[in-house]
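Letter by letter, the chains look like this.
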Amino acid sequence: MTKSLLAGSALALAAAGATSMYAMATTQDDADQARGIIKTFATTLQGELKGAIKSGGPVNAVWVCEEKAPAIAAQLSEQTGWDVGRTSLKTRNAALNTPDAWEQTVLEQFESRKANGESPKGMSYASVVETDGGKVYRYMQAIPTQQVCLACHGKDLPPDLAAALDKAYPEDQARGYSVGDIRGAFTLSKPL
Ligand code: HEC
């Protein structure tokens, strides 16, 4: 399931993403590609998470997020040519997921859009950014907190789980969320 999902989307993306087409791609094409990659990322990770929680409980599933989330992101990056990651205003893994200045601004924008009544589901923002290396297309999409996430990002975590998280992430800020909160965002970029 996981493998075929990844392989299927990689094929579709490879077909859409020949180098010469990148230069001509419209922003809409870029956004569609980004959304496709995110869908694969989210579906794969949530499948792994749910399976691991079911078979060994949340404490045993911590490693899924710890190991699999960066691994899936790296694999998708390699397959698609996009840089794929996750970020948040309150990170668990600060070393890997701390927002840069652009991401910080977009995450704050997402919070104010939510405060103004917009649903975080599918909330996104894209822009072409000038860098030293040339033009880069950047895309972010909010990650709403769901029930299944509360096991590890909610309030009043069970002591054994809190201890496991403390050990792996001494600077963990990613607790205390409720369903519907913005947990963070997928962040993707691609040179144009
Ligand atoms: C089994 C525990 C567990 C569950 C359940 C869980 N997470 Fe996490 N989450 C983690 C761990 C551990 C990390 C740190 C991963 C890393 O090192 O990159 C993390 C990191 C993240 C990050 C990256 C930003 C950061 O804080 O460093 C996001 C975004 C995130 N989780 C969202 C979610 C969402 C959304 C759900 C529900 C669909 C969820 N998580 C469910 C344990 C969990």
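Structure: above.
Since the structure is predicted, the reported quantities are computational estimates derived from the model, not experimental observations.

1. Overview of the environment of alanine 52
At step 1: Following the sequence through the fold, alanine 52 ends up in helix 3 (residues 27-80).
At step 2: Relative accessible area serves as the criterion here: at 11%, alanine 52 is assigned to the buried category.
At step 3: With 10 residues separating them along the chain, alanine 52 and valine 62 place their C-alpha atoms 8.8 Å apart.
At step 4: Once residues lying within four places of it in the same chain are set aside, the contact partners of alanine 52 are Gly57, Ala61 and Val64.

2. Overview of the packing of aromatic side chains
At step 1: If you walk through the whole model with that rule in mind, you get 3 aromatic pairs.
At step 2: With 5.9 Å between their ring centres and 90° between their planes, tryptophan 82 and tyrosine 137 make a pair best called edge-to-face. Of this pair, tryptophan 82 sits in the loop between helix 3 and strand 1 (83-87) while tyrosine 137 sits in strand 3 (residues 134-144); the two residues are 55 residues apart in sequence, bridging distant segments of the chain.
At step 3: Residue tryptophan 82 is classed as buried on the basis of its relative accessible area of 2%.
At step 4: Between the aromatic rings of tryptophan 102 and tyrosine 125, the centroid separation amounts to 6.1 Å while the plane-to-plane angle is 40°, which identifies the pairing as tilted. Of this pair, tryptophan 102 sits in helix 5 (residues 101-115) while tyrosine 125 sits in strand 2 (residues 124-131), placing them 23 residues apart in sequence.
At step 5: Accessibility expressed as a relative area gives 32% for tyrosine 125, which makes it partly exposed.

3. Some thoughts on the nonpolar core
At step 1: Counting 17 residues, the largest nonpolar core has Phe41, Trp82, Val84 and Leu188 as the members making the most contacts within it.
At step 2: Elements represented by at least two residues in this core include exactly helix 3, strand 3 and strand 4 (182-191).
At step 3: The element that contributes the greatest number of residues to this core is helix 3, accounting for 10 residues.
At step 4: Setting aside its immediate chain neighbours within four residues, leucine 188 contacts Ala34, Ile37, Ile38, Trp82, Asp83, Val84, Tyr137, Arg138 and Tyr139.
At step 5: Grouped together as the second largest cluster of nonpolar side chains are 10 residues, Leu107, Met123, Ala142 and Ile182 included.

4. Comments concerning the site of the ligand
At step 1: In the vicinity of the ligand, 23 residues are found, and the nearest of them are Arg92, Asn93, Cys149, Cys152 and His153.
At step 2: Between the ligand and asparagine 93, the relevant distance is 2.7 Å, taken from an oxygen atom to a side-chain nitrogen or oxygen of the residue.
At step 3: Separating an oxygen atom of the ligand from a side-chain N or O atom of asparagine 97 is a distance of 2.7 Å.
At step 4: If you map the ligand onto the pockets, it falls in the largest pocket.
At step 5: A total of 7 residues in the shell around the ligand trace back to one element, the largest contributor, which is helix 3.
At step 6: Considering only residue class, the shell around the ligand consists of 15 nonpolar, 4 polar and 4 charged.

5. With respect to helix 7 (residues 159-168)
At step 1: For helix 7, the complete set of buried residues consists of Leu161, Ala162 and Leu165. Burial along helix 7 is one-sided: seen end-on, the buried residues are contained in an arc of 100°. Opposite the packed face of helix 7, turned more than 90 degrees from it, sit the exposed residues Pro159, Asp160 and Lys167.

6. Some remarks on the environment of proline 120
At step 1: Of note, proline 120 is situated in the loop between helix 5 and strand 2.
At step 2: Taking relative accessible area as the criterion, proline 120 reaches 11% and is therefore assigned buried.
At step 3: Here the alpha-carbon distance between proline 120 and phenylalanine 110, two residues 10 residues apart in the chain, equals 7.6 Å.
At step 4: When sequence neighbours within four positions are dropped, the list of residues in contact with proline 120 reads Lys114, Ala142, Pro144, Gly180 and Ile182.

Rules behind the numbers
Residues numbered from 1 in each chain as written. Predicted model: local features only at pLDDT ≥ 70, side-chain atom pairs only at ≥ 80, totals over all residues. Heavy atoms only, no water. Helix = DSSP H or I, 4+ residues; strand = E, 2+ residues; numbered from the N terminus. Buried < 20%, exposed > 50% of the residue type's maximum accessible area, 1.4 Å probe, protein only. Contact = heavy atoms within 4.5 Å. Phe/Tyr/Trp six-rings, centres within 6.5 Å; stacked < 30°, edge-to-face > 60°. Core = buried A, V, L, I, M, F, W, Y, C linked by side-chain atoms within 4.5 Å. Near = heavy atom within 4 Å. Polar contact = N/O pair within 3.5 Å; in protein donor to acceptor, adjacent residues only side chain to side chain. 1 Å grid on protein atoms, 1.4 Å probe; cavity = no way out; pocket = protein on both sides within 12 Å on 5 of 7 lines; lining within 4 Å. Sits in = over half its atoms within 2 Å of the grid points. Nonpolar A, V, L, I, M, F, W, Y, C, P; charged D, E, K, R; others polar. Arc of directions from axis to C-beta.

All we've got here are geometric facts, nothing functional implied.
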